[in-house]
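Residue-level listing of the chains:
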Amino acid sequence: MQSALGRRTVMSTTAIQQQQQIRNFGGEMRHHNTDVNNQRIPWDFTQESYKKIEVIMAKFPRSRRKSGVIPLLHLAQVQNGGWIPVTAMYKIAKVCEVAPMSVFETVTFYAMFNRKPVGKYHIQFCVTTPCMLRGCDNIIHHTEAYLNVHMGGTTHDKMFTIGEMECMGCCVNAPMIVVSDYTNPDNFSYEFYEDLDWESLKAVLNALRDGKPTRPGSQLPNRKWCEPAGGKTSLLMSEPPKPYCRDLDAKPEPKK
Ligand code: FES
């Protein structure tokens, strides 16, 4: 019979695995065939995309076609409404003349590539330390309750998918999210919303759902870009002094 301590150990291991699955948006790193994403469903780039591929691949020498993997994954995701089927990965491997595993590894490494369909708006919360300290857990819990969806899931109306992302480089304006919309491939959007609390995030979600304009960037009314919310506290001069540079055209001093 399993001891109470043993049961606790098993339960906590399971909890860790569940947590891990939540954090790896899209579930496991391994591919599992589904009705909409399996190797029997053919996939190809459009003629328009192939024209773009010609331009992309011309930037790299013949021996470095592997460098085209990331731009082609991005192209496939845009063409395919925000996610990359497994058959698209095989196609990219063929175009870039690399092993399919090289493409799979790249897709699973970058959180901005999706391996399953997403809603119209894909909302990714930054969960790295500065955003965590500034309350990302709080806005995530509110969002899950408000949209009635768990992390990694899509709302019933297919309007929102929520996921996680690591630091997106706006730590000074933490907490932040990125919202991508690939429903119009020629004009897809990828917008950052920063300095969020639940009220400002709820306003963004409602505006997106209602098709109203939103204001990307800091949601604080008195913050410009990454400057302090109350105005500058350093670099108060309009133009910092230039670094010293000797006058290269100056005539040499006469020798005494
Ligand atoms: S930690 Fe969130 S943007 Fe850097």
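These numbers were taken from a predicted model, which means no experiment stands behind them. (Residues numbered from 1 in each chain as written. Predicted model: local features only at pLDDT ≥ 70, side-chain atom pairs only at ≥ 80, totals over all residues. Heavy atoms only, no water.)

A word on the overall build of the chain
Here is step 1 of the chain: Along its length, the chain carries eight helices and five strands.
Here is step 2 of the chain: If you list the helices and strands of the chain from N to C, you get α-α-α-α-α-β-α-α-β-β-β-α-β.
Here is step 3 of the chain: For the chain, the residues scored as buried account for 38% of the 256 residues in total.
Here is step 4 of the chain: Taking as baseline every contact in the chain between residues at least 6 positions apart, the subset at least 24 positions apart corresponds to 62%.
Here is step 5 of the chain: Carbon and sulfur atoms form 56% of the exposed surface of the chain, whose accessible area is close to 16,500 Å². (Helix = DSSP H or I, 4+ residues; strand = E, 2+ residues; numbered from the N terminus. Buried < 20%, exposed > 50% of the residue type's maximum accessible area, 1.4 Å probe, protein only. Contact = heavy atoms within 4.5 Å. Areas by Shrake-Rupley, 256 points an atom, 1.4 Å probe, with all protein chains shown as cover.)

Side note on helix H4 (residues 86-96)
Here is step 1 of the chain: Burial within H4 is extensive, with eight of its 11 residues counted as buried.
Here is step 2 of the chain: Those residues of H4 that sit buried are Val86, Thr87, Ala88, Met89, Ile92, Ala93, Val95 and Cys96.
Here is step 3 of the chain: Buried residues along H4 sit against helix H2 (47-57), helix H3 (69-79) and helix H5 (100-109).
Here is step 4 of the chain: One or two steps after H4, the chain reaches Glu97, where phi turns positive at roughly 55°.

A look at the pairing of strand E3 (residues 177-181)
Here is step 1 of the chain: Counting buried residues along E3, five of its five residues qualify, which places the element largely inside the surrounding structure.
Here is step 2 of the chain: Every second residue of E3 is oriented toward a common face, with Ile177, Val179 and Asp181 on one face and Val178 and Ser180 on the other, all of them buried.
Here is step 3 of the chain: As defined by bridge partners, strand E1 (residues 121-126) adjoins E3 across four bridges and the pair is classed as antiparallel. Residue pairing for E3: Ile123 is matched across the bridge by Val179. (Pairing = 2+ DSSP bridges.)

Re the packing of helix H7 (residues 136-147) against helix H8 (residues 198-209)
Two numbers describe a pair of packed helices, the interaxial angle and the distance between the axes.
Here is step 1 of the chain: With their axes 10 Å apart at the nearest point, H7 and H8 run at an angle of 40° to one another. The element H7 and its partner H8 pack so that their crossing is right-handed. In this structure, H7 contributes Ile139, His142, Thr143, Tyr146 and Leu147 to the contact, and H8 contributes Trp198, Leu201, Lys202, Leu205, Asn206 and Arg209.
Here is step 2 of the chain: Considering only residue class, the contact of H7 with H8 consists of six nonpolar, three polar and two charged. (Axes fitted to C-alpha atoms, helices over the stretch in contact; angles between N-to-C directions. Left-handed = near helix turned anticlockwise from the far one by under 90°. Nonpolar A, V, L, I, M, F, W, Y, C, P; charged D, E, K, R; others polar.)

Examining a nonpolar patch on the surface
Here is step 1 of the chain: Among the surface-exposed residues, Ile70, Phe109, Tyr110 and Met112 lie close enough to one another that they form a single nonpolar patch of about 390 Å² accessible area.
Here is step 2 of the chain: Locating Phe109 in the fold gives a position in helix H5. (Patch = residues over 30% accessible without salt bridge, like charges linked within 9 Å, V, L, I, M, F, W, Y side chains within 5 Å. Salt bridge = Lys/Arg side-chain N within 4 Å of Asp/Glu carboxyl O.)

A short note on the packing of H4 against H5
Here is step 1 of the chain: At a minimum axis distance of 8 Å, the contact between H4 and H5 shows a crossing angle of 125°. The pairing of H4 with H5 is recorded here as oblique in orientation. In this structure, the crossing between H4 and H5 has a hand that is right-handed. Across the interface between the two elements, Val86, Met89, Tyr90, Ile92 and Ala93 from H4 touch Pro100, Val103, Phe104 and Val107 from H5.
Here is step 2 of the chain: Looking at the contact of H4 with H5, its residues break down into nine nonpolar, no polar and no charged. (Parallel < 35°, antiparallel > 145°, perpendicular 65-115°, else oblique.)

So, the pattern of salt bridges
Here is step 1 of the chain: Enumeration over the complete set of coordinates arrives at six salt bridges.
Here is step 2 of the chain: Arg209 is the partner of Asp157 in a salt bridge, and the nearest nitrogen-oxygen pair spans 3.8 Å. With Asp157 in the loop between H7 and strand E2 (160-165) and Arg209 in helix H8, this residue pair connects regions lying 52 residues apart in the sequence.
Here is step 3 of the chain: On the basis of relative accessible area, Asp157 is assigned to the partly exposed category, the value being 45%.
Here is step 4 of the chain: Taking the relative accessible area as the measure of exposure, Arg209 reaches 33% and is therefore partly exposed.
Here is step 5 of the chain: Here Asp195 makes a salt bridge to Arg223, at a shortest N to O gap of 3.0 Å. Of this pair, Asp195 sits in the loop between strand E4 (189-194) and H8 while Arg223 sits in the segment after strand E5 (217-218); the two residues are 28 residues apart in sequence, bridging distant segments of the chain.
Here is step 6 of the chain: Overall, Asp195 belongs to the buried group, its relative accessible area being 8%.
Here is step 7 of the chain: Exposure remark for Arg223: the relative accessible area of 16% places this residue in the buried category.
Here is step 8 of the chain: Several salt bridges share partner residues, and in doing so they unite Arg62, Arg65 and Glu97 into one network.

Digging into the confidence of the model for the chain
Segments scoring low in pLDDT should not have their predicted coordinates read at a detailed level.
Here is step 1 of the chain: Confidence in the prediction of the chain, expressed as mean pLDDT, is 88, and 88% of residues score 70 or more.
Here is step 2 of the chain: Every residue in residues 1-11 is under pLDDT 50, and counting partners more than four places away or in other chains gives two contacts.
Here is step 3 of the chain: In the model, residues 21-26 has pLDDT below 50 throughout and makes 16 contacts with residues more than four positions away in sequence or in other chains. (pLDDT = per-residue confidence, 0-100.)

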